[in-house]
Amino acid sequence: MVCADETRDNIVRILSLPNLPRTTDSWADSLYTCTYALPAGSLVLSVKELPDPAAARGHFDGLAQSTVSARPIEGMANLGLAAFESTAGSVVFVKDSFVLTVDASALPDSLGPHSVSRGAFAYEVSTAVLACWSE
């Protein structure tokens, strides 16, 4: 899903891009990564597949502890899922046995015609991906 047409289309819509961005993807150690080459820099989406929800939560908790400036996303913004964001412009969600990371830290502070912050952009992309996920 992170490298699928629907995600690409959402990125184009959010940033009002004239063309679909080029992507590269990889799979290693149960981690699927999709990197979007955007005009302003790279956006990296990754999904870590773990054996079960408890392992996914443990992986998520480890990421939260090792991420400088991680703060929980709470209330309606977390979509009922464990989630955190960093001031560098990344968001991380855990759902079922998967951990989704959207890393916009290589992008400028604000993006697109509406000058959305890179953190808000990462959050918007992540919620679009999560809305399409089903087990």
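The following paragraphs examine the structure supplied in this document.

Conventions adopted
- Residues numbered from 1 in each chain as written.
- Predicted model: local features only at pLDDT ≥ 70, side-chain atom pairs only at ≥ 80, totals over all residues.
- Heavy atoms only, no water.
- Helix = DSSP H or I, 4+ residues; strand = E, 2+ residues; numbered from the N terminus.
- Rg over C-alpha atoms; globule rule 2.2 N^0.38 Å.
- Buried < 20%, exposed > 50% of the residue type's maximum accessible area, 1.4 Å probe, protein only.
- Contact = heavy atoms within 4.5 Å.
- Areas by Shrake-Rupley, 256 points an atom, 1.4 Å probe, with all protein chains shown as cover.
- Lys, Arg positive; Asp, Glu negative; His and termini not counted.
- Charge placed at Lys NZ, Arg CZ, Asp CG, Glu CD.

**Some details on the overall build of the chain**
From N to C terminus, the chain includes three helices and nine strands. The secondary structure elements of the chain, listed N-terminal to C-terminal, are α-β-β-β-α-β-β-β-β-β-β-α. Compactness check: the chain gives a C-alpha radius of gyration of 14 Å against a globular reference of 14 Å for 135 residues, within 12% of the reference. A principal-axis box enclosing the C-alpha atoms of the chain has dimensions of 40 × 30 × 25 Å. Buried positions account for 41% of the 135 residues belonging to the chain. Long-range contacts, defined as pairs at least 24 residues apart, comprise 49% of the intrachain contacts of the chain with a sequence gap of at least 6. A total of about 6,900 Å² of accessible surface is found on the chain, and carbon and sulfur atoms cover 52% of it. Charge separation in the chain, taken as the distance between the mean sites of 8 positive and 15 negative side-chain charges, equals 4 Å.

**A closer look at helix α1 (residues 5-15)**
Of the residues making up α1, those classed as buried are Thr7, Arg8, Asn10, Ile11, Val12, Ile14 and Leu15. Buried residues in α1 make contact with β1 (22-28), β2 (31-38), β3 (41-49), β8 (110-111) and α3 (118-132). Ser16 occupies a position one or two residues after α1 and carries a positive phi of about 55°.

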